[in-house]
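Read off the chains here:
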Amino acid sequence: MKNILKSFLVVAISAVSLTSVSAEDLKIASVSMEKLFNEFHMTKKVQAQVKVDQERIQKDNASRLEHIRGLQSEIEKLSKQRSDATISDKKRLEIERQIKLKVSEGNAADNERRQWLQRQSKALGEQTGEEQRVILEKIQAKIADYAREQDFDLVVDQSSRSATRTPVFAFMKDKYDVTAVLLKDLNKDAPADKPAATDKPAATDK
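Criteria and cut-off values
- Residues numbered from 1 in each chain as written.
- Predicted model: local features only at pLDDT ≥ 70, side-chain atom pairs only at ≥ 80, totals over all residues.
- Heavy atoms only, no water.
- Helix = DSSP H or I, 4+ residues; strand = E, 2+ residues; numbered from the N terminus.
- Buried < 20%, exposed > 50% of the residue type's maximum accessible area, 1.4 Å probe, protein only.
- Core = buried A, V, L, I, M, F, W, Y, C linked by side-chain atoms within 4.5 Å.
- Phe/Tyr/Trp six-rings, centres within 6.5 Å; stacked < 30°, edge-to-face > 60°.
- Lys NZ or Arg CZ within 6 Å of the ring centre and 35° of its normal.
- Salt bridge = Lys/Arg side-chain N within 4 Å of Asp/Glu carboxyl O.
- Polar contact = N/O pair within 3.5 Å; in protein donor to acceptor, adjacent residues only side chain to side chain.
- Contact = heavy atoms within 4.5 Å.

Summarising the element assignment, Leu136 is placed in helix 4 (residues 89–150). For Leu136, a relative accessible area of 1% translates into the label buried. Between the C-alpha atom of Leu136 and that of Phe40, which follows or precedes it by 96 residues, the distance is 9.9 Å.

As a further point, take the nonpolar core. Core analysis: the largest hydrophobic core is formed by 20 residues, its most contacted members being Val31, Leu36, Ile139 and Ile143. Looking at this core, the elements that each hand over two or more residues are strand 2 (28–31), helix 2 (33–39), helix 3 (41–82), helix 4 and helix 5 (179–186). By residue number, the principal contributor to this core is helix 4, which donates six residues. Ranked by size, the runner-up nonpolar core spans five residues in total, among them Ile75, Leu78, Ile87 and Ile99.

This paragraph deals with the packing of aromatic side chains. The tally for this structure, following the rule as stated, stands at one aromatic pair. Across from the ring centre of Phe152, 5.1 Å away, lies the NZ or CZ of Lys27, which sits over that ring.

On inspection of all chains with the given rule, the structure shows twelve salt bridges. One salt bridge connects Lys142 with Asp185, and the closest N-O pair in it is separated by 3.3 Å. Of the two residues, Lys142 is situated in helix 4 and Asp185 in helix 5; the sequence distance between them amounts to 43 residues. Linking Asp145 and Arg148 is a salt bridge whose minimum nitrogen-to-oxygen distance equals 3.6 Å. Pair noted here: Asp145 and Arg148 are both in helix 4, with a separation of three residues, about one helical turn. Classification of Asp145 by relative accessible area gives partly exposed; the value is 40%. Taking the relative accessible area as the measure of exposure, Arg148 reaches 56% and is therefore exposed. In this structure, a network of salt bridges that share partners links the residues Arg64, Glu112 and Arg119.

Turning our attention to the side chain of Thr43. The topology assignment puts Thr43 in helix 3. Separated by 2.5 Å, the side chain of Thr43 and the backbone oxygen of Phe37 make a polar contact. In this structure Thr43 touches Phe37, Asn38 and Ile135, once residues within four positions along its chain are discounted.

The structure is reproduced here in structure tokens:
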């Protein structure tokens, strides 16, 4: 999110050349891109889906780890059997062969698990990044439309930070802030929250 927002530090809306307009003639507005992004209903939907996908990945990974731990447990049992002085050499050789097979199976399973986890994490990261990009484009388009309607020459991002994490704009009056207006417009089509379930009154005999 932070890297994506860097490209939106200053949102230039007007086609007017600033070099030909005096500071007194400029009509300026400010927005918090961070707030617009975080409180946009599409962002919350993406975040909810990311959480679901992360939980699925964690569950599948735990299942794979459980299988690997099962193999480790079998190897430990076989190792104890191998150390039994009463067993024959033939039996000991057979146990050693089983141990080698279990170790090989366990290593292969763990390598496959690691590669699978890496692929899943990469795919989820790429998908999330693309969805964030689409969201930010929608937000920027909404800002551009609003700026044209209100005849703003410039819209700046009040939430932008410099490389040292200090605010790019040290001060800006609240009267220039149009974040609330834009956020309301962005969320006007948000799906309604489902009402909380309530207990139905018990039926009574008449």
